[in-house]
Amino acid sequence: MNWLPDPFAWCDIPTGDVRNISDDGQSTYKEIPAFRIAKYPITNHQYQQFKDDDGYNKRRFWTFNGWADIKEDGYEHGYFWRHYGEANKPVVSVSWYEANAYTRWLSEKLGFEVFLPSDEQWRRAASGDDHWVFPFGNDWDASKCNNNFMGPYEGYTTTDVTTFEGIADSPFGVVDMAGNVNEWTSTKVTKRWGYTEPPHEYDIRCLGGSWRDRDPLRYCVPYSGGLFETYGSGDNDIGFRIATSA
């Protein structure tokens, strides 16, 4: 993985339970096999490699719908990716199609599979064996992440992915799992906290809360927002991180 620009590291997530909460508030537990997850969200510098390698013109990296979205609709990358381009800030303004294409491209480069983590893998990495409400504990603390909740780090933009390292790491040492950017997963939505309408066919779970959010609920590990796969191209607070098998 030294091929990727720093900062990059894997965090090992051992086999263990993730807590799932039903609509009536009941908790059930599911065992998640061991895997590895990126310590930080993918940065602008790391994503630039995909673009420089002509990834937007290589059909094999894209889903059918993703290729149509990029080519037939004349769309290629969003405004905020170009204008929030500081090297070590998380890449933003990427749709699920782009995040997924990046993992396919990187898998080919590295010779082993990397992928977007599932919803349950992401939550396991964030909450640990004690099933914390937030990645940094059970109590909300505005100083622990980049947020817009009137705290000392009241957010107006993204921050470098290492800004909160050692301050608000998850139990497994994963950084920025609350705040900074929402993160795409590979899991389709079955329910959405805080919404009355049902999820749509193309809704994908997006977790973690972002620098723009003011409600502490959005930073809770179980919270998920369902977003269309095409969503994100014009948004400045949606990014992603990668995972691989143990």
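Please refer to the structure higher up on the page.
Residues numbered from 1 in each chain as written. Predicted model: local features only at pLDDT ≥ 70, side-chain atom pairs only at ≥ 80, totals over all residues. Heavy atoms only, no water.

(A) Quick look at the sheet that holds strand β4 (residues 35-38). Pairing is antiparallel across the open sheet formed by 3 strands, whose spatial order is β1-β4-β9. If you trace the sheet from one side to the other, it starts and ends with β1 (10-13) and β9 (243-245), each paired once. Each neighbouring strand pair of the sheet contributes to a mean axis angle of 25 degrees, computed without reference to strand direction. Here helix α5 (residues 119-127) sits on the sheet and contacts β1 and β4; the angle it forms with β4, its principal contact strand, is near 75 degrees. (Pairing = 2+ DSSP bridges. Helix = DSSP H or I, 4+ residues; strand = E, 2+ residues; numbered from the N terminus. Axes fitted to C-alpha atoms, helices over the stretch in contact; angles between N-to-C directions. Contact = heavy atoms within 4.5 Å.)

(B) Quick peek at helix α1 (residues 44-52). Among the residues of α1, those classed as buried are Asn44, Gln46, Tyr47, Gln49 and Phe50. Once α1 ends, the next one or two residues include aspartate 54, with phi positive near 65 degrees. (Buried < 20%, exposed > 50% of the residue type's maximum accessible area, 1.4 Å probe, protein only.)

(C) Spotlight on the side chain of asparagine 180. Its place among the elements puts asparagine 180 in the loop between α5 and β5 (182-188). We classify asparagine 180 as buried; its relative accessible area is 0%. A polar contact of 2.9 Å, which involves the side chain of asparagine 180, links it to the backbone nitrogen of threonine 159. A polar side-chain atom of asparagine 180 sits 2.7 Å from a polar atom in the side chain of aspartate 176. Non-local contacts of asparagine 180, meaning those with residues more than four positions away in its chain, are made with Pro90, Asn146, Thr158, Thr159, Asp160, Val161, Gly209, Ser210 and Trp211. (Polar contact = N/O pair within 3.5 Å; in protein donor to acceptor, adjacent residues only side chain to side chain.)

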